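Read off the chains here:
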Amino acid sequence: MNGLDRGAILVTGASGGIGGATVRQLRAAGADVIANGRNEEALAELAKDTGCRTLPFDLESEDSIRDALEGLDLYGVVNCGGFGGEIATPMETDISVFDRVISINARGALLVTKYASQSMIRLGRGGAIVNVSSQASLVGLKGHISYGSSKAALDNITRVSALELGPHNIRVNSVNPTVVMTPMSAWYWGRPEIQGPFLETMPLGRWATEDEIAAPIVFLLSDGASMISGVTLPIDGGFTAV
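Description of the structure in this document. (Residues numbered from 1 in each chain as written. Predicted model: local features only at pLDDT ≥ 70, side-chain atom pairs only at ≥ 80, totals over all residues. Heavy atoms only, no water.)

Let's talk about the pairing of strand β5 (residues 127-132)
Logical step 1: Counting buried positions along β5 gives six out of six residues, so the element sits mostly inside the fold.
Logical step 2: Burial of β5 is two-sided: the residues Gly127, Ile129 and Asn131 facing one way and the residues Ala128, Val130 and Val132 facing the other way are all buried.
Logical step 3: With respect to chirality, the unit in which strand β4 (residues 76-79) leads through helix α4 (residues 95-123) into the neighbouring parallel β5 is right-handed.
Logical step 4: Taken together, the six bridges between β5 and strand β6 (residues 170-177) define a ladder with parallel strand orientation. Bridging across to β6, Val130 finds its partner in Asn173.
Logical step 5: Handedness of the crossover is the feature at issue here: the chain leaves β5, passes through helix α5 (residues 145-165), returns alongside β6, and the resulting connection is right-handed. (Buried < 20%, exposed > 50% of the residue type's maximum accessible area, 1.4 Å probe, protein only. Helix = DSSP H or I, 4+ residues; strand = E, 2+ residues; numbered from the N terminus. Right-handed = clockwise from strand over helix to strand, strands pointing away. Pairing = 2+ DSSP bridges.)

Topic: the nonpolar core
Logical step 1: Counting 28 residues, the largest nonpolar core has Ile9, Val11, Val23, Leu26, Val78, Ile217 and Leu221 as its most contacted members.
Logical step 2: Contributing elements (two or more residues each) for this core: β1 (9-11), α1 (17-28), β2 (33-35), α2 (40-50), β5 and α8 (210-221).
Logical step 3: Once you skip the residues sitting within four places of it in the chain, Leu221 turns out to touch Leu4, Ile9, Leu26, Tyr75, Val77, Val78, Ala128, Val130 and Arg171.
Logical step 4: By size, the runner-up hydrophobic cluster in this structure holds 23 residues, among which are Leu74, Val77, Ile104 and Ile170. (Core = buried A, V, L, I, M, F, W, Y, C linked by side-chain atoms within 4.5 Å. Contact = heavy atoms within 4.5 Å.)

Thoughts on the sheet that holds strand β7 (residues 232-235)
Logical step 1: The strand order across the open sheet built from seven strands is β3-β2-β1-β4-β5-β6-β7, with neighbouring strands paired in parallel fashion. Pairing within the sheet leaves two strands with one partner each, and these edge strands are β3 (53-54) and β7.
Logical step 2: Where β1 lies against β2, three bridges are found, and the strand directions are parallel. Bridging across to β2, Val11 finds its partner in Ala35.
Logical step 3: Sheet strands touched by α1: β1, β2 and β4. Its angle to β1, the strand with the most contacts, is close to 160°. (Axes fitted to C-alpha atoms, helices over the stretch in contact; angles between N-to-C directions.)

Focus: helix α3 (residues 62-69)
Logical step 1: Residues of α3 that are buried: Ile65, Ala68 and Leu69. Projected onto a plane normal to the axis of α3, the buried residues spread over an arc of 85° and lie on a single side.
Logical step 2: Along its buried surface, α3 packs onto β1 and α4. (Arc of directions from axis to C-beta.)

Okay, here's the thing in C-alpha cells:
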C-alpha cells in the first residue's frame, strides 16, 4: 500500500458504512484523509476516532463543491457519496426521485472529479480517483431503475475520466460492490423472498462487509495499482460473473 502519503485523499460519503471504513483503513495506512458526509454527528465521531479532517459541502450544488475544493491540495479522491432512491419498476418510478439519484450519484461525483482533478493537475504529482459504483450498474436488478442507471453513468464517467486524465498521470477506477447488509439495506435485501434467491445465485453465497469493500478501494489508490486505470472492479462474491 505504498504511495498513500503523497497528499490528502478526499472521501465523500464518509459518514456512511463503506465511506467510514475506507477512511479508517486509509488512516491506518498513514494517509492524510479529508472526510465529507451528510451526517455531521457521524462525521465528527469519525474524526475523533481516526484523526481525519472534515470538509462540509453539498454534492447537489456545484457552487458548494467548487468553493470547498478550489485551492485544496489533493492527491486522491474516493467518490463514495450516494443516495439509494427508491425500489420501483420503470413503469412506477417517481421521476423526481430518479433525478435526485442521478444528481447525487453521477452528477455529484462528476463535479467532485472536475474540481479535484484541477487540483491534481495544478500540483503536477499525478493522483488517483476511485468511484464507488455498484453491481447494479453491471446487471439488471429488479426495482433498481434509478440506482442502477446512476451507477452505470458513474462507470462511464470513470472510463472517460481515465482517458482524459491519464496524460496527467491521474488514474480513475470504479469498484462495484454487492450488498453490505446494514440496517438501511435490510428493509429490502433482508426479505426472505429477495435474500434467498440472490444469495443462492452468488458463488460465495454471503453479503459483503464494509471492510471487504474498503480494502480494494485503498489498494486502487496505492502504488500497487499504478498500472490500473479505467476499470470497473466487481466486489460481489462472483454474482455478476454468473
